[in-house]
Protein chains: 2
Amino acid sequence: MADSAVLDAVDLHILRLLQNDARTTYRDLAAEVGVAPSTCLDRVARLRRIGVILGHQLRVDPAKLGRGIEALLSVQVRPHRRELIGPFVDRIRALPESRALFHLTGPDDYLVHVAVTDTADLQRLVLDEFTSQREVARVETRLIFQQWDCGPLLPPASGR
Amino acid sequence: MADSAVLDAVDLHILRLLQNDARTTYRDLAAEVGVAPSTCLDRVARLRRIGVILGHQLRVDPAKLGRGIEALLSVQVRPHRRELIGPFVDRIRALPESRALFHLTGPDDYLVHVAVTDTADLQRLVLDEFTSQREVARVETRLIFQQWDCGPLLPPASGR
DNA sequence: CTTGAAATCGCAAGCTT
DNA sequence: AAGCTTGCGATTTCAAG
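Residues numbered from 1 in each chain as written. Chains lettered and ligands numbered in written order. Predicted model: local features only at pLDDT ≥ 70, side-chain atom pairs only at ≥ 80, totals over all residues. Heavy atoms only, no water.

Colleague: Would you take a moment to explain the packing of aromatic side chains for this structure?
Modeller: Here a ring pair, both rings aromatic, is described through the centre-centre distance and the interplanar angle of the planes. Residues and elements named next belong to chain A. Summed over all chains, the structure comprises 2 aromatic pairs over all chains. Summarising the aromatic geometry, the rings of Phe88 and Tyr110 are spaced 5.1 Å apart at their centres and angled 55 degrees between planes, so their arrangement reads as tilted. Taken together, the residues Phe88 in helix α4 (residues 82-94) and Tyr110 in strand β4 (residues 110-116) connect sequence positions 22 residues apart. You'll find Phe88 and Tyr110 in the same group, each marked buried. (Phe/Tyr/Trp six-rings, centres within 6.5 Å; stacked < 30°, edge-to-face > 60°. Helix = DSSP H or I, 4+ residues; strand = E, 2+ residues; numbered from the N terminus. Buried < 20%, exposed > 50% of the residue type's maximum accessible area, 1.4 Å probe, protein only.)

Colleague: Please clarify how the relation of the copies chain A and chain B should be interpreted in this entry.
Modeller: At an RMSD of 0.3 Å, chain A and chain B line up after a rotation of 180 degrees and a shift of 0.0 Å along the axis. What we have between these two chains is a two-fold relation. Nearest to the rotation axis, the C-alpha of Gln57 of chain A is located 2.6 Å from it, this being the minimum over chain A. A high fraction, 97%, of the interface residues of chain A reappear at the interface in chain B, so the copies pair face to face through one surface. (Least-squares fit on C-alpha atoms with pLDDT ≥ 70 in both. Contact = heavy atoms within 4.5 Å.)

Colleague: Help me out: how do you make sense of the pattern of salt bridges in this one?
Modeller: One side chain can pair with another of opposite charge once the charged atoms of both are near each other. For the structure shown, the criterion picks out 28 salt bridges over all chains. Measuring nitrogen to oxygen at the nearest pair gives 2.6 Å for the salt bridge that ties Arg124 of chain A to Asp121 of chain A. Of the two residues, Arg124 of chain A and Asp121 of chain A both sit in helix α5 (residues 119-131), 3 residues apart, roughly one turn of that helix. Taking relative accessible area as the criterion, Asp121 of chain A reaches 11% and is therefore assigned buried. For the salt bridge of Asp11 of chain B with Arg43 of chain B, the shortest nitrogen-to-oxygen distance reads 2.9 Å. (Salt bridge = Lys/Arg side-chain N within 4 Å of Asp/Glu carboxyl O.)

Coordinates in, geometry out; function isn't part of it.
Dropping the structure here:
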């Protein structure tokens, strides 16, 4: 279903460049990689078709939008059954404060990445949207001091 | 430094649309928002200039790149001093397996989001890059069953 | 902010290897 | 089958009102 794709050096070079700047033109890609622009077009179209490229995302600074504080919330959902966790996931994803949601192994079932205006806002969010809910057994809040993106995502060095 | 920006309804509308699809053309943006395409261009350029828009990122499927397993590693770095954590952060960010890195409050200093080929690869990563390092006092590994992106990031409802 | 025109880009068709 | 070149329509971009 999500099997590893067969990618050559040109594909990987294109992926590396587009992960740095997804708006690089085919002409510039072509110049950098050393092929014709239409070849880049074909390669990118193929990468989209086979699902390697999922889409283009705008990166936005939460602080500039008045959400200067970010935090990670570890949440235990009990009982951990499908009829409870489906609605829980939908509700959390719909919160304007939510940035990302993970379902994890371990004692804490979910990790929620949130962006809020201040600590009072964070307290309100935790109390009103989490601890006050029947299915939420426990919430642990950790503030994010700083966060970093890492290098472009590429196949393991052994390749293919 | 990262003060909240002053955005009007047009800016917010554009941000919402671009977060749904960062490749929406200025022409389509204009039609949707109800202004001229060049106005959209000006607005987006301004949003970039003032730092609200940080860039355009390609979303890629890790599984299709042979990284079918993702995990979160909670890491204690001891002693937690600048001369140790600087190199630690640089080293972790440079790992091809790293997707994101967070510096957090609480007993676990760092959270590392990684994508690996399989559990053996994960074990190798944890042993060779984390627990074997002097400054790493403890590592806790949690697998990611599933993850979700959330809605577009926008200012709090009360805002401007 | 809009209009309008020029430059650039995306994209498909045809050609070559 | 894969890549290159060409050309047209769409888009971006800029100057002027």
